[in-house]
Every structure is written in C-alpha cells, then in structure tokens.
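Coordinates in review
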Number of protein chains: 2
Amino acid sequence: MKQIAVLGLGVVGRGVADLFRENAATVAARCGEEVVLKYALDIRDMPDSPYANLLVRSIDPILADPEVSVVAEVMGGLHPAYEYTRACLDAGKSVVTSNKELVATYGVELLALAREKGVYYLFEASTGGAIPVIAPIVRDLAANEVTGISGILNGTTNYILTRMFRAGASFEAALTEAQQKGYAERNPAADIEGIDACRKICILSASATGILPDPARVHTEGITAIRQKDVRIAEKNGYTLKLLGKMEKKPWGTFVLVSPFFVKRTDPLSSVEDVFNGIKVSCNYAGEVMFYGRGAGSHPTASAVAADIVSVVRGDAKRQTWTLGEEDYPTDFRLYRTRHYLALSGVEQNAVTVIWEDAEILGSDGEELAVLTPEISEQELEDSLARLSSLGARLQSHIRVSVE
Amino acid sequence: MKQIAVLGLGVVGRGVADLFRENAATVAARCGEEVVLKYALDIRDMPDSPYANLLVRSIDPILADPEVSVVAEVMGGLHPAYEYTRACLDAGKSVVTSNKELVATYGVELLALAREKGVYYLFEASTGGAIPVIAPIVRDLAANEVTGISGILNGTTNYILTRMFRAGASFEAALTEAQQKGYAERNPAADIEGIDACRKICILSASATGILPDPARVHTEGITAIRQKDVRIAEKNGYTLKLLGKMEKKPWGTFVLVSPFFVKRTDPLSSVEDVFNGIKVSCNYAGEVMFYGRGAGSHPTASAVAADIVSVVRGDAKRQTWTLGEEDYPTDFRLYRTRHYLALSGVEQNAVTVIWEDAEILGSDGEELAVLTPEISEQELEDSLARLSSLGARLQSHIRVSVE
C-alpha cells in the first residue's frame, strides 16, 4: 500500500481525494497495490468535508511521516507552495502538481532538486487539465524533433471567444457570462491578459526542448481588445479567433508567444470550443498531433494529478531535466514572422497595397479597411504601421494570423 | 549503445530506418545512449536502398545476435510475423510492432510470452499511426475508468467519406480517387469493409479494459453502401458521416462495433478529415479526451514504432496483460442501443410515427422518407423494420447515429 498526501483541499484537491476513493479499485489494479490518501493539508476548517478526518493544518506531520511517498501540491500560487514543494522533495518524497505558476517560475530548480534526491517532480496537471500532453511529448514523441507547439491553453478565454462567435456577444458581455457560470474569476486578469496561457506554453515548450523560457520574456497579449467586428470579419473570411500559446522553431530562431490569432477553419484547433483546450504538436516524423479535452475543473484536473501519482507508484515516471533560457531565448520577438489582420481607418486601399503589394484586402465598412498582410516580421510590421500612421491611418485593431 | 533490428523494409520499415538515422542525436539524448539499426530483414533484393548493407534474408542472425535487444516487426500479415515475433520474444528480445492484424489476433498470447520472458511486446504503431493513444490510455488515463472509446481509425475510408462530403463524389468515384492517390490499396476490402478498423478498436478496447474482444464477434459494417444522397441528408441536418470503431460500457453490457455513423457537427470527431485519424476516449474523471493525427504513412508510423523502442531502451515501457473475451464478450449486439437514420420507400410518414412516436422526420424527396429513430436496441430496430416491411416499406439506407 502506498500512502499519499494532498496539499490544498480546494477544487482540485477535493477532486484528487474523490478519485482515490471512487476509483480505488481501478487504481489498485493498475498500480499493483492500493494507493490511499492519508493527509489533506488545508488551513480552512472543513467540518462537513468527507475528508475532515484527514485534515492537517501544518506540513510538518506530512514531512515527518516516512509512509507518505508522494505528495500532490494543488494549492496554487508561489508561496508557500514553493517552500512546501522543496521541503517535500528534500524529505525524499515525490511531488506532483497542478501549479503552473510554480512550474513556470521554479521548474528548473525543482526538477534538479528532485533528481538530486532520486524522486520525481511531475506536473501533467499544470497544462491542459485532463489532457495527457506533457507525458506524451516527453515519452511518446521522444524520437521526434518537436518543431512547433500551438495550443488553446486557457478555457476561460476560449469560452469568451466562443460566445463572441456563437452568440454575437461583446467581449464584456461574454466575460460577465463566463463569470456568472464560474468559468472566470472575479479578477480575471490572469486569464484574459494571457498570463495563464503564457505559463502553460512555457511549460510545454520546456517539456519539448528542455529549455524553460523566462515567462517575463515571452511576448504576451490577451483578448481584451477584440471587438465583435473583428469576430464577424474573421468568420466571413473562413477563420475563427483563438488565443494561442505558440512555440515555433525556425531556422532564424525559436519563438514563444501568446497572442490572439485568426485560425483557419481547416485547422483542427478551430473546432476546439467553449472551455475545452487543444494542443497541437508539430514533429518532424509524427507530423501534426493534437490533444484535446477539458482544460480545467475538479475531476478532469484530478485525473492528470492521479496519472502522475500512478506513474510514480508504478515506477514508470519520466524525469525531465530543464535549463533556463538565456537572454537570447526565446529569440527577439521582432524577428517573429507571421501574417496580420489589421483594421485601419483614415486610409485608402492603395496606401496599403503600396506597402504590401500582395496584401489581401478583406473589405471596408466605410469607416475601416480590413487587411491581411503577407507574412512579415514584427519589425517590418512596426515600421510599416509607422509609415501608415504618418499618412494619417489609425490602427483600430490588430490580430495575428496563424499560418501553418 | 543499443542495437535494434527491423523485420520488413517496406514503407514503415524504411521510415523506422530513416528515423534512427536522421533523428539519431535526438534519440541518443532522450535515451541516454545511441540506438543503432543493425539488421533489416527482407527477402527482396534492394541494391539501391541506403540500408542495403544491413539487409539479411533470414531471421536467424538476428535471433542469434545477443547485441540486438529490440526488434521492430513491421512486416504486416499473420505469417511469418507471428512465428518471428514468438522467436524474438523467446530469444529474450523485446518486440515492437505496427501489425494490427497480429496484435488483434494473437495479442493475448504474445503479451503473456513477453511477460514470461521479462521483455516487452508493444504496439503503439498498430493503431492511430503517429498518434500517441495506446500509451496514453494505459499510462496517463490509468486512474480513470474508461467508459467508452469512439474512433476514426482508418484513414482510407475517412478520405473517401471526406471526398463524398466535400466534392459530392459517389462512393465509387471517391474510392478510385483514393486508389490513385495511393491512400487505398488495389484490393481495398480490409479498409472499406471495416476490417482494419475492427482490429484497431479491438486493440484499443483491450488496452482500456484488459479484455481483447474476438474480432470475429465484433459487429463490423463498412462504408460501401453509403450513397451521395445520405451524405447530403446528413449535411443538411447538422451531421457528418464517419466510419467509427466504438467501445461502449453500459450498465447492460460492453459493446464493441464498427459502423458508419452520423456524427453531430459539434462532436470533435466530426472535424477529423481526409486521411487523419481521431480517437475520443471517455473517462469517469478526465471526461472526453481526444487524440488526433496522421493514421498512416511511413514517417508517422515510424514515429510510433520509435516511441516504443525508446521506452524499452529507457526502461519506462509499460507491460500490458490481456485476457481473451469470453463468449458473452462483447455483449450480444442485439442489446446495443443507439439512434438510426433510415431511408424508406413505399411508406407514409404516419406508418413510421405509429412505430416510433418520437421519430424525427428529416424529410422526403418524393421517393424516400428520411427518418431518425429514437434511441432503440438493435433487436427493436430489426423487429420494427420487419413490421414496416410487412406494410410495404423498403429500406433504402440505414446508418447509425452517434449519440453521446
């Protein structure tokens, strides 16, 4: 019998506790032994919780108990999750987590500590919720060069964008609806500004390449500026709108970014709707592989946490080694190349086609000219927008176009 | 350094050889040691092959060479693949394969032999081509009860159906086109009759439950009877048409079948087009998870073969144990319940609604009445069709409807 502890009995922690109770027989069959939850750390009183008898208010009894071999850190936030994780690893316990902020910030150090101690630090649940994606990248695509990752990594923003498409809602109305349904937090900044997606693409990128990008150096744009008008133009032209986290390896550099994108209807990511997540991984042998499922929620996230626990118990977990990206990693964003949707007012079509001969003019509503640029670098975009501005053009909207 | 052999230097074998040459550095980094192809077994002369110097015409030198620890069987067919696989396992060598016919037929026995010998028998490449799906089911979804699998498992038929939708082609014209493009074989029976998909759903089902259904007891229908008219009716009513392999665990039994299905446009499987495969796995905690990618081809299949080889070399492979389904497994197909699309001639609408009060009448073109039945058992369907026949109705088309 293996005994485990869960740090944090919130939404995810409760799901983990439920799973090891409800699926106990399945887990025992798959592991060859029972896996039992012994402690649940939480500072809140939970007299009505079915796990009240497991509650402890301090990490100490968990650290001191040699019978606990795996700890699930599902508290979220950097502190005290960081200190607790270090303490558990130091005590020779494997740690599995759903904490993307911690992994994206301290992943290099915590992985090194786990290796030093001969235990595991695993984080399948940190990215893509229920979706097996980190383990498949690390294990099942290991014989490939991963040349790109493109993912819908945040369910809240995907729900908002889906409502803007399907129900014609404004960004504000869709956000309010997401909050009412419990999909968005009262302070939704981490989601709608792209911060959550940024952490996740950093984790995926590191899992594919071994190099963790510094999230602070990743170009990150959210979805707050997207207008209903942009949604309609995308739709009319065979695109949908998605917030994507991307890693692209090109001959001129490796790029990591988070930005809203026009996504072609023929791209499998375009049919990932509502709160679902989808992650497309491009490989030199496997080609494009996509993983799809629930990106959040108590039971889905618990499934991924439990997968890591099971792999530790069975002894088939895979230990990653990461290094931290240097100052030139990811490559300077000004060299990133893609197409761009621009909505411009105060300018004639020929001013645009003078700059980009092969620009695709999507149309004009009398006020704004909608344009798709050819594939250009961010530097070229900036320079050209300055030129257009000097001609009196005003940029009303700008969204990148996914060009795979 | 680990040395490997490949049995069969056809399309897949050549891809495997290419991968271990082209991605040698990646593989070495991921495995912690080099993995080198030492032998390629093929009875054909291949003087122009870059692997001509590795060619052997007999399995004996491979069996006799203690340096070869992993063998990739990518010959296809039952014989001599079965004998070679047994001989390799007996000689203490792990075997990885893309041979779905062999796995679906002798999987139970070969897995037991591998376990007895302390080696591995792995077959990620047998199902879903490049898509990591067997390993994710066995490892990453291990803490879940898998309650269902629904998959587009055959690229040839999916290409044909996509062309029937997109280009308005007849079945025959789409098949000819698939043959011209090299997607369908000259004798396409195994694909278009659903036999290939049947083998694959048996393998997936066994990977999820531990019980291998006897393919001969799996209800298997192909796509040869699908008419352009059916395609248009599906499209008009918000469905697409897919050949699905399904495993469904219900309180009244476990069902395994292969059949064309009407698939709702909102189902993520509906956007799996052309030669791509998609496999949806329903789990009691993870919810619905879908895996998508290239289901065939030299390099994609090689990616999956190589993933298994890498896992053996790294020592994190997972050994499955299967038993063979008894006579009542899968459950008697007459108890399977779903909705059905029927095209009936020689009958009035009220004769249909007398039988199924809540049948959905899709319309009539003057000759045929198109109907969606409520969810009924196959037995009820058979009985009702007999009643309709006695009233003079003739069944022009019958396609199941996926009801998740």
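One can find the structure itself at the top, above this paragraph.
So, a few notes on the structure that sits alongside this text. (Residues numbered from 1 in each chain as written. Chains lettered and ligands numbered in written order. Predicted model: local features only at pLDDT ≥ 70, side-chain atom pairs only at ≥ 80, totals over all residues. Heavy atoms only, no water.)

Remarks on the overall build of chain A
Within chain A, the regular secondary structure consists of 14 helices and 19 strands. Rg of the C-alpha trace for chain A: 23 Å, near the compact-globule value of 22 Å for 404 residues, within the 12% margin. Overall, the C-alpha framework of chain A stretches about 75 × 45 × 35 Å when taken along its three principal axes. Per-residue burial for chain A yields a buried fraction of 61% across its 404 residues. (Helix = DSSP H or I, 4+ residues; strand = E, 2+ residues; numbered from the N terminus. Rg over C-alpha atoms; globule rule 2.2 N^0.38 Å. Buried < 20%, exposed > 50% of the residue type's maximum accessible area, 1.4 Å probe, protein only.)

Let's talk about the interface of chain A and chain B
The partner chain B presents 44 residues to the 44 residues of chain A that form the contact. Counting each side, the surface lost to burial between chain A and chain B is near 3,900 Å², with a carbon and sulfur contribution of 51%. D140 of chain B serves as the salt-bridge partner of R139 of chain A, at 2.7 Å between the closest nitrogen and oxygen. The interface formed by chain A and chain B holds 27 residue pairs in polar contact (both at pLDDT 80 or more) in total. Top contributing element to the side of chain A that touches chain B by residue count: helix α12 (residues 298-314) of chain A, with 8 residues. (Contact = heavy atoms within 4.5 Å. Buried area = accessible area lost by both parts, 1.4 Å probe. Salt bridge = Lys/Arg side-chain N within 4 Å of Asp/Glu carboxyl O. Polar contact = N/O pair within 3.5 Å; in protein donor to acceptor, adjacent residues only side chain to side chain.)

Description of the relation of the copies chain A and chain B
Overlaying chain A on chain B yields an RMSD of 0.0 Å, the required transformation being a rotation through 180° with an accompanying axial translation of 0.0 Å. Both copies are brought into coincidence by an operation consistent with a two-fold rotation axis. When the interface residues of chain A are mapped onto chain B, 100% of them are again interface residues, pointing to one common binding face. (Least-squares fit on C-alpha atoms with pLDDT ≥ 70 in both.)

Observations regarding the packing of aromatic side chains
This structure, assessed with the given rule, holds 19 aromatic pairs over all chains. Centroid distance F276 of chain B to Y292 of chain B: 5.1 Å. Interplanar angle 5°. Geometry classified as stacked. Separated by 16 residues along the polypeptide, F276 of chain B in strand β12 (residues 276-283) and Y292 of chain B in strand β13 (residues 287-294) bring together distant segments of the chain. Owing to a relative accessible area of 14%, F276 of chain B belongs among the buried residues under this scheme. Taken together through their ring pairs, the aromatic side chains of Y121, F123 and W322 of chain A make up a single cluster. One cation-aromatic arrangement involves K246 of chain B over F261 of chain B; the distance from NZ or CZ to the ring centre is 4.9 Å. The lysine or arginine in question, R319 of chain B, covers the ring of Y120 of chain B, its NZ or CZ lying 4.5 Å from the ring centre. (Phe/Tyr/Trp six-rings, centres within 6.5 Å; stacked < 30°, edge-to-face > 60°. Lys NZ or Arg CZ within 6 Å of the ring centre and 35° of its normal.)

A word on the sheet that holds strand β5 (residues 94-97) of chain A
A sheet is described by the order of its strands in space; here 6 strands give the open sequence β3-β2-β1-β4-β5-β6 (chain A), paired in parallel fashion. Of all the strands in the sheet, just β3 (55-56) and β6 (121-122) of chain A have a single pairing partner and so form its edges. (Pairing = 2+ DSSP bridges.)

Some words on the nonpolar core
When a protein is soluble and globular, its nonpolar side chains tend to lie buried together. I149 and Y341 of chain A together with I149 and Y341 of chain B are the most contacted members of the largest nonpolar core, which has 168 residues in total. When residues no more than four places from it in sequence are discounted, the contact partners of I149 of chain A are I137, I201, L204, S205, A208, G245, K246, M247, I279, K280 and V281 of chain A. (Core = buried A, V, L, I, M, F, W, Y, C linked by side-chain atoms within 4.5 Å.)

Examining the side chain of T157 of chain A
Among the structural elements, T157 of chain A can be located in helix α7 (residues 155-166). Side chain to side chain, T157 of chain A and N154 of chain A meet in a polar contact 2.8 Å long.

Things to note about the pattern of salt bridges
All names here are of chain B. Enumeration over the complete set of coordinates arrives at 58 salt bridges over all chains. We note a salt bridge from R14 to D18, for which the minimum N-O separation is 3.2 Å. Here the residue R14 and the residue D18 both occupy positions in helix α1 (residues 11-22), the gap between them amounting to 4 residues, near one helical turn. Take D18: its relative accessible area is 12%, and that puts it in the buried class. For the salt bridge of K229 with E368, the shortest nitrogen-to-oxygen distance reads 3.3 Å. Taken as a pair, K229 in helix α11 (residues 228-236) and E368 in strand β17 (residues 368-372) lie far apart in primary sequence, 139 residues in all.

Things to note about the packing of helix α2 (residues 24-31) of chain A against α12 of chain A
Residue and element names in this part refer to chain A. One can describe the packing of α2 onto α12 by two numbers: an axis separation of 10 Å at closest approach and a directional angle of 35°. Pair α2 / α12 crosses with right-handed handedness. Residue-level inspection shows V27, R30 and C31 of α2 in contact with α12, the latter providing V310, V313 and R314. Looking at the contact of α2 with α12 residue by residue, the class counts come to 4 nonpolar, no polar and 2 charged. (Axes fitted to C-alpha atoms, helices over the stretch in contact; angles between N-to-C directions. Left-handed = near helix turned anticlockwise from the far one by under 90°. Nonpolar A, V, L, I, M, F, W, Y, C, P; charged D, E, K, R; others polar.)

Structural notes on α11 of chain B
Residues and elements named next belong to chain B. Along α11, the residues classified as buried are D230, V231, I233 and A234. Summarising the axial view, the buried residues of α11 lie within an arc of 165°, below the 170-degree limit, and thus occupy one face. In the stretch just after α11, G238 is the one whose phi turns positive, near 85°. (Arc of directions from axis to C-beta.)

Details of the pairing of strand β16 (residues 360-364) of chain A
Residue and element names in this part refer to chain A. Where β16 meets strand β17 (residues 368-372), 4 bridges bridge the pair, whose relative direction is antiparallel. Residue G363 lies in a different strand from β17, and its bridge partner there is A370. What sits between β16 and β17 in their antiparallel hairpin is a turn of 3 residues, with G366 showing a positive phi close to 95°.

Points about the sheet that holds strand β3 (residues 55-56) of chain B
Residue and element names in this part refer to chain B. One open sheet accounts for 6 strands, arranged β3-β2-β1-β4-β5-β6; its pairing is parallel. The open sheet is flanked by β3 and β6 (121-122), the only strands paired with a single partner. Where strand β2 (residues 35-41) and β3 come together, 2 bridges link them in parallel fashion. If you follow L41 over to β3, its bridge partner there is V56.

Some remarks on α2 of chain A
Residue and element names in this part refer to chain A. Listed as buried for α2 are T26, V27 and C31. For α2, the buried positions fall inside an angular range of 120° around the axis, keeping them on one side. In α2, the exposed positions angled more than 90 degrees off the buried face are occupied by A25 and A29. For α2, the secondary structure elements touched by its buried residues are α1 (11-22), β2 (35-41) and α12. Once α2 ends, the next one or two residues include G32, with phi positive near 80°.

Considering the state of the cysteines
Evaluated as defined, the whole model comprises 0 disulfides over all chains. Free of any disulfide, C31 of chain A has its nearest cysteine sulfur in C283 of chain B, 16 Å distant. Free cysteine C88 of chain B: the closest other cysteine sulfur is in C31 of chain B, separated by 19 Å. Looking at C88 of chain B, the relative accessible area reads 0%, which means it is buried. (Disulfide = S-S within 2.5 Å.)

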